[in-house]
Amino acid sequence: MRKVFENNTFAADIKWVLILLKQLDEELSQETTNLMKQIILDSIIAQSDNGQIYKIADFSRMYLETNSNLANIVFTTILKLAEDEMNHQKFNANYLKSKSKNEEFVFIPNMKKHLRGIDHHFNASNDEQGYESKKEKIIQDYLFDEMPAVFSEFNLDNYDIQMLCAVSNSGLSLANNQLYMVIRKIIIGMIGIAEQADHENNVFHIIGTFAEHDVIRLLQREIGKNKEACEKAFEILFDDIDFSKIKRDIVDFYLDVFSMFISYYFDAYQTKEQRTDLEEKINGLEKRINTIDNSYVRTELTQAAALIDTKFYADWSKCVTSYSEKDKRFLNQQYAKYGHYHLEHFLYTLYQMHIRELLPEILLSVEKVFTNSKTEDKNLFSTVISKQQWIVNIIILDAYLYNSDRIKEDEELSNAYIHILELMIELNNEKAAVLLDEFLIH
């Protein structure tokens, strides 16, 4: 299996990896134990787009969640490797500064891409010696020999943030104080990178997509657990964060974390308790969002509180879901409060959430979103409706064809539907004009 890390393929069925790793719970030779430990570590720190390595890393994390002793050992090893990598970068920076005529060059840890060009220079040189990596000794001491280490005072400047992100897959939860501390520092570090970013040095370039995704998945797993774990994740993301420094990259990061709510809610149609739990967590998230002083950040993050997504990666039309009256009341409440800030994404979210399952009750929030959106910016309202006319047509047509009688029995629903049609008629929607005549006559 080690060959997969050398760009070869893993011949066996990848699903057996977890069973293989569970052999660590048995009496094995030291050589075999160390080999399997190495596989776990290599997969977690790989930062690879190789699908097989990604799956091995996922199985490694799942196994580590069942073995807290090894999880702590892997966590310690990763921190030591991150420390060694930062020493490597500091060494390269000092060399560059000694050779550079640019007196303004200043190395700020984790604020610029790795200085790999210096390594290439040393590799090509017969006279100069580059940084001597401590990786093999660190693996021997901390992974194989399981030496303990204490990280009481953790300064992010002493650790490479990209390598550090790998602790997200160490199998520990945020209930572990050391992991909690490290992830908190990573989030603050990401905010600092985004604040100082230029076109070559931003969160994407410095941390990397894979490392960032590892942190997102950890936070999503914790939010999806019990209330205590969710609160720990919210603390990291909101407590003592200077939101005046938040840039678009970090807003997107937060929205990526909270995108789990919409898929979880969609899938929980058979479990009333799970949807209730999600609603309570979303309400808690909403309270934190509404305390943010930065109006731009606050408004953008309300998408999460309203279960409005910006990045659907598939069409959910073939997936199954349904909604109780209670579910629809909750969605109506959230959409009505925040949907007009995100009109286009709101409409596409309705489509993905299965409009027919939400009708006719969802007309109440649709009417409020349309009214508020038109009031705030009539031109933008017209532009978005024109672009997403096909979704609007599904809403107004399905409402009439399948829910006309129910709508007419409820004055509030009836008024909302009529107003939606009137708003669409103002935008020259001929279908809306026909539907309004039919609805009023019959």
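Our structure's up above, just so we're on the same page.
Residues numbered from 1 in each chain as written. Predicted model: local features only at pLDDT ≥ 70, side-chain atom pairs only at ≥ 80, totals over all residues. Heavy atoms only, no water.

### Overview of the packing of helix α22 (residues 411–426) against helix α23 (residues 430–441)
1) Next: Axis separation between α22 and α23 bottoms out at 8 Å; the angle between their running directions is 150°. The angle between α22 and α23 falls in the class roughly antiparallel. Crossing handedness for the pair α22 and α23: left-handed. On α23, the residues that touch S414, Y417, I418, L421, E422, M424 and I425 of α22 are A432, A433, L435, L436, F439 and L440. (Axes fitted to C-alpha atoms, helices over the stretch in contact; angles between N-to-C directions. Helix = DSSP H or I, 4+ residues; strand = E, 2+ residues; numbered from the N terminus. Parallel < 35°, antiparallel > 145°, perpendicular 65-115°, else oblique. Left-handed = near helix turned anticlockwise from the far one by under 90°. Contact = heavy atoms within 4.5 Å.)

### Observations regarding empty space enclosed by the protein
1) Next: For the structure on display, the rule yields two cavities of 30 Å³ or more.
2) Next: In this structure, the largest cavity occupies an estimated 80 Å³ of space.
3) Next: Lining the largest cavity we find L255, F258, S259, F261, I262, Q303, A304, L307, I308, D309 and T310.
4) Next: At the level of elements, α12 (248–258), α13 (260–267) and α15 (295–305) are the ones that each hand at least two residues to the lining of the largest cavity. (1 Å grid on protein atoms, 1.4 Å probe; cavity = no way out; pocket = protein on both sides within 12 Å on 5 of 7 lines; lining within 4 Å. Points joined across faces, edges and corners; volume = space filled by probe spheres on them.)

### Some details on α12
1) Next: Burial of α12 is extensive: eight of the eleven residues sit out of reach of the surface.
2) Next: Restricting attention to buried positions, one finds in α12 the residues I250, V251, F253, Y254, L255, D256, V257 and F258. (Buried < 20%, exposed > 50% of the residue type's maximum accessible area, 1.4 Å probe, protein only.)

### Brief notes about the packing of aromatic side chains
1) Next: For the coordinates displayed, the defined rule picks out 22 aromatic pairs.
2) Next: For the pair F234 and F258, a centre-to-centre distance of 6.2 Å together with 75° between the ring planes defines the contact as edge-to-face. Here F234 is found in helix α11 (residues 227–238), whereas its partner F258 is found in helix α12, with 24 residues between them in sequence. With respect to burial, F234 and F258 carry one shared label: buried.
3) Next: Judged by centre distance (5.0 Å) and plane angle (85°), the ring pair of F312 and W316 falls under edge-to-face. In this pair, the class of F312 matches that of W316, namely buried.
4) Next: Ring-pair connections join several aromatic residues into one group, and the members of that group are F234, F238, F243, F253, Y254, F258 and F261.
5) Next: Just above the ring of Y180 sits the side chain of K232; from NZ or CZ to the centre is 4.9 Å.
6) Next: Just above the ring of Y265 sits the side chain of R275; from NZ or CZ to the centre is 4.7 Å. (Phe/Tyr/Trp six-rings, centres within 6.5 Å; stacked < 30°, edge-to-face > 60°. Lys NZ or Arg CZ within 6 Å of the ring centre and 35° of its normal.)

### Things to note about unusual backbone geometry
1) Next: For the bond running from L359 to P360, omega is 0°, close enough to zero to count as cis.
2) Next: Relative to the elements of secondary structure, P360 occurs in the loop between α18 (355–358) and α19 (363–376).
3) Next: Within the chain, E146 stands out as a residue other than glycine whose phi angle is a positive 60°.
4) Next: In this structure, E146 sits in the loop between α6 (135–144) and α7 (161–164).
5) Next: Here the phi dihedral of D240 falls at roughly 60°; this positive angle occurs in a residue that is not glycine.

### Considering the layout of surface pockets
1) Next: Roughly 610 Å³ of volume is contained in the largest pocket.
2) Next: Considering the residues around the largest pocket, the lining is formed by 24 residues, among which H213, I216, D256, K311 and Y313 are closest to the centre.
3) Next: Sorting the residues of the lining of the largest pocket by element identifies α9 (203–206), α10 (209–223), α12 and α13 as the ones contributing at least two each.
4) Next: For the lining of the largest pocket, the leading source of residues is α10, giving six residues.
5) Next: When grouped by side-chain class, the residues that make up the lining of the largest pocket number eleven nonpolar, six polar and seven charged.
6) Next: By volume, the second largest pocket amounts to about 360 Å³.
7) Next: Lining the second largest pocket are 15 residues, with L81, E85, R116, K135 and M163 positioned closest to its centre. (Nonpolar A, V, L, I, M, F, W, Y, C, P; charged D, E, K, R; others polar.)

### Overview of the pattern of salt bridges
1) Next: Throughout the structure, instances matching the rule amount to 26 salt bridges.
2) Next: As a salt-bridge pair, R61 and D58 come within 3.0 Å of each other at their nearest N and O atoms. Residue R61 and its partner D58 are located together in helix α3 (residues 51–64), separated by three residues, close to a single helical turn. Just as R61 is buried, D58 falls in that class too.
3) Next: Note that K225 and E222 form a salt bridge whose closest N and O atoms lie 2.8 Å from each other.
4) Next: You can call K225 partly exposed: its relative accessible area is 38%.
5) Next: Under the relative-accessibility criterion, E222 is labelled buried at 2%.
6) Next: Within the structure, one salt-bridge network assembled from shared partners comprises D58, R61, E65 and R217. (Salt bridge = Lys/Arg side-chain N within 4 Å of Asp/Glu carboxyl O.)

### Some details on the nonpolar core
1) Next: I187, F238, Y254, F258 and F370 are the most contacted members of the largest nonpolar core, which has 137 residues in total.
2) Next: Counting residues per element, this core draws most heavily on helix α8 (residues 177–196), which supplies ten residues.
3) Next: With residues near it in sequence (within four places) discarded, F258 still touches I223, F234, L237, F238, L285 and A304.
4) Next: Within the second largest apolar cluster, six residues are counted, among which are A93, F105, L115 and F122. (Core = buried A, V, L, I, M, F, W, Y, C linked by side-chain atoms within 4.5 Å.)

It is worth stressing that arrangement in space is one thing and function is another; only the former is reported here.
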